[in-house]
2 protein chains.
Amino acid sequence: MKKTRDQLLDIAERHFAIYGFAGATLRGIIKDAGTNVASIAYHFGTKEDLFQAVLERFAKPVVSQQLSKLETELQSKNLKLRNVLLAFYEPPMKMAHSLGKKGEILSLFLGRSQTEPEPVFNEVDKHYADCRDQFIKAFERALPGLTKEDYHWRFEFMLSLIVCFLTRQKQIRGRYETRTDWNPDEAINRMISFCESGF
Amino acid sequence: MKKTRDQLLDIAERHFAIYGFAGATLRGIIKDAGTNVASIAYHFGTKEDLFQAVLERFAKPVVSQQLSKLETELQSKNLKLRNVLLAFYEPPMKMAHSLGKKGEILSLFLGRSQTEPEPVFNEVDKHYADCRDQFIKAFERALPGLTKEDYHWRFEFMLSLIVCFLTRQKQIRGRYETRTDWNPDEAINRMISFCESGF
DNA sequence: ATAAAATTCAATCATATGATTGAATCATAC
DNA sequence: GTATGATTCAATCATATGATTGAATTTTAT
């Protein structure tokens with residue numbers, strides 16, 4: 001039997017992903033988790049504390065995977081843009097795919113975390129700030145000679161592709177494909193190719 | 001005089017853009033609009049009806065501008081990809097910029113409308129469905145020889161850039177720029193160049 | 001000017017929500 | 001086994017929310 005705390009995190013993650021911060025309700029969460037309202041207060045505190053806990057649990061691993069992959073690439077003398085892009089795209093995409101239904105939730109949450117207007121999501125930016133800096137530095141090394149502004153714009157464009165893919169994948173796939181499964185490698189490749197040319 | 005109705009639409013638009021559908025409250029809206037809760041019921045009906053009215057008012061003009069620009073381009077014997085992209089990007093970007101503060105709201109709304117999970121936003125897709133089909137057809141003409149899937153992916157990527165730009169522009173600009181104003185032409189050009197290579 | 005229609009308003013309803021409390025239950029150490 | 005602390009629970013609070021009503025006010029048409 002799963003611990004209440006973990007169960008709550010799983011369900012809360014799903015609800016925040018699907019309904020957003022404002023749209024998710026503690027009662028909806030505890031109902032799905034089969035527990036009591038007070039258990040949230042006991043384990044986490046307020047609704048916002050719960051959200052931060054969810055964020056902490058999933059954002060950190062993804063970012064650290066991205067950074068460690070990037071680190072590996074940086075060792076190489078001949079840093080290739082394509083490999084930097086791969087280091088960025090692969091962790092979240094693979095995770096989103098490998099986890100199946102849960103990955104769908106996670107990716108939705110990840111995508112939403114970039115677009116939600118709620119103040120709580122400002123915290124998200126902090127989680128990603130260091131990651132962004134590192135990748136922009138890598139871009140400068142892989143593709144020297146551009147202006148600071150160029151790198152920022154292109155990083156944003158690169159990020160846009162995956163944010164929208166993750167946030168909208170269900171609608172997109174529903175529109176374009178019949179099959180319910182998707183190929184992460186194809187998606188990654190398409191994103192990388194698109195960006196590589198764009199850069 | 002339809003003063004109250006328009007006022008409500010303006011304020012509601014802002015609130016939906018900033019707080020999302022679930023986060024926006026009728027009381028918050030009527031307080032800013034300086035009117036009464038019942039006025040919403042009178043002029044629109046339910047909260048969802050109000051949302052649809054907001055959507056109707058702003059989405060239609062943008063889409064119709066995009067389509068009419070595209071129509072013009074389609075007249076040309078030698079259809080250029082760049083011009084198709086311009087037809088897509090210019091209307092929402094110009095509108096977002098020219099309206100200043102209000103444009104910021106509109107663009108936030110526009111961006112959010114592509115990522116919100118709420119069922120109400122499913123309606124948004126209908127508004128854009130025809131527009132998407134037309135542009136994909138134009139892509140096929142401007143850049144023949146690709147598979148159906150290719151066009152869909154690239155359309156999504158193109159869309160991603162502007163969705164994320166509009167949704168995140170404030171955060172982005174806050175991070176990268178000191179000045180509060182922005183240059184729509186520069187943004188449009190950067191998007192087009194990035195896509196043109198990607199295609 | 002006046003009646004009818006359109007619009008606005010204060011008051012209220014029923015429910016939902018985040019949060020808190022104190023008692024009950026469970027797990028663990030001794 | 002029992003005492004202690006950790007965890008769960010039902011009950012409750014205060015407020016917020018979407019919606020509705022009927023009276024008051026304003027606008028419009030004649």
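Read on for a plain summary of the structure. Everything numeric in this text was worked out from a predicted model, so none of it was measured. (Residues numbered from 1 in each chain as written. Chains lettered and ligands numbered in written order. Predicted model: local features only at pLDDT ≥ 70, side-chain atom pairs only at ≥ 80, totals over all residues. Heavy atoms only, no water.)

The full set close to DNA strand C counts 15 residues, and Leu26 and Arg27 of chain A together with Thr4, Tyr42 and His43 of chain B are the nearest of them. Across the atoms of DNA strand C situated within 4 Å of the protein, the share located in sugar and phosphate is 49%. Leu26 of chain A places a polar main-chain atom, nitrogen or oxygen, 2.8 Å from a phosphate oxygen of DNA strand C. At a separation of 2.8 Å, a phosphate oxygen of DNA strand C approaches a polar backbone atom of Lys47 of chain A. Elements with a contribution of two residues or more to the surface near DNA strand C: α2 (26-33) and α3 (37-43) of chain A together with α3 (37-43) of chain B. Residue contributions to the surface near DNA strand C peak at three residues, all from α3 of chain B. Here the residues of the surface near DNA strand C sort into six nonpolar, six polar and three charged. (Near = heavy atom within 4 Å. Polar contact = N/O pair within 3.5 Å; in protein donor to acceptor, adjacent residues only side chain to side chain. Helix = DSSP H or I, 4+ residues; strand = E, 2+ residues; numbered from the N terminus. Nonpolar A, V, L, I, M, F, W, Y, C, P; charged D, E, K, R; others polar.)

The next subject is the environment of Ile162 of chain B. All names here are of chain B. Looking at where Ile162 falls in the secondary structure, it is placed in helix α8 (residues 148-176). On the basis of relative accessibility, which here comes to 4%, the residue Ile162 falls in the buried class. A sequence separation of 29 residues divides Ile162 from Met191, and the C-alpha atoms of the two residues are 7.8 Å apart. Residues contacting Ile162, with those up to four places away along its chain left out, are Phe88, Tyr89, Pro92, Met93 and Met191. (Buried < 20%, exposed > 50% of the residue type's maximum accessible area, 1.4 Å probe, protein only. Contact = heavy atoms within 4.5 Å.)

Each pair of packed helices gets described by two things: the angle between the helix axes and the distance between those axes. Residues and elements named next belong to chain A. Contact pair helix α5 (residues 81-98) / helix α9 (residues 184-198): the axes reach a minimum separation of 9 Å and the direction vectors enclose 150°. Between α5 and α9, the angle falls in the class roughly antiparallel. With respect to the hand of their crossing, α5 and α9 are arranged in right-handed fashion. Of the residues in α9, those in contact with Leu81, Arg82, Leu85, Leu86, Tyr89, Glu90, Met93, Lys94 and His97 of α5 are Pro184, Asp185, Ala187, Ile188, Asn189, Met191, Ile192, Ser193, Cys195 and Glu196. Of the residues assigned to the contact of α5 with α9, the class counts are 11 nonpolar, three polar and five charged. (Axes fitted to C-alpha atoms, helices over the stretch in contact; angles between N-to-C directions. Parallel < 35°, antiparallel > 145°, perpendicular 65-115°, else oblique. Left-handed = near helix turned anticlockwise from the far one by under 90°.)

All names here are of chain A. With respect to the helices and strands, Val84 occurs in helix α5. The class for Val84 is buried, based on a relative accessible area of 0%. For the pair Val84 and Leu70, spaced 14 residues apart in sequence, the C-alpha to C-alpha distance is 6.4 Å. Those residues in contact with Val84, other than ones at most four positions away along the chain, are Leu70, Leu79, Phe135, Ala138, Phe139 and Ala142.

For any pair of aromatic rings, the description rests on two quantities: the centre-to-centre distance and the angle between the ring planes. Residues and elements named next belong to chain A. Under the criterion given, the structure shown has 19 aromatic pairs over all chains. Between Phe21 and Phe51, the ring centres sit 5.5 Å apart and the planes meet at 85°, which makes this aromatic pair edge-to-face. Highlighted residues: Phe21 in helix α1 (residues 4-23) and Phe51 in helix α4 (residues 47-75), separated in sequence by 30 residues. Like Phe21, the residue Phe51 is buried in the burial classification. Here the basic side chain of Lys47 rests over the ring of Phe21, its NZ or CZ set 4.7 Å away from the ring centre. (Phe/Tyr/Trp six-rings, centres within 6.5 Å; stacked < 30°, edge-to-face > 60°. Lys NZ or Arg CZ within 6 Å of the ring centre and 35° of its normal.)

Turning our attention to the pattern of salt bridges. Oppositely charged side chains may form a pair once their charged atoms are brought near each other. In the structure shown here, the tally under the stated rule is 23 salt bridges over all chains. Salt-bridge contacts for Arg57 of chain B lead to Glu13 of chain B; the nearest nitrogen and oxygen are separated by 3.5 Å. Remark: Glu13 of chain B occurs in helix α1 (residues 3-23) and Arg57 of chain B occurs in helix α4 (residues 47-75); sequence separation between them is 44 residues. Classification of Arg57 of chain B by relative accessible area gives partly exposed; the value is 31%. Counted as one network, the salt bridges with shared partners bring together Glu149 and Asp150 of chain A together with Glu186 and Arg190 of chain B. (Salt bridge = Lys/Arg side-chain N within 4 Å of Asp/Glu carboxyl O.)

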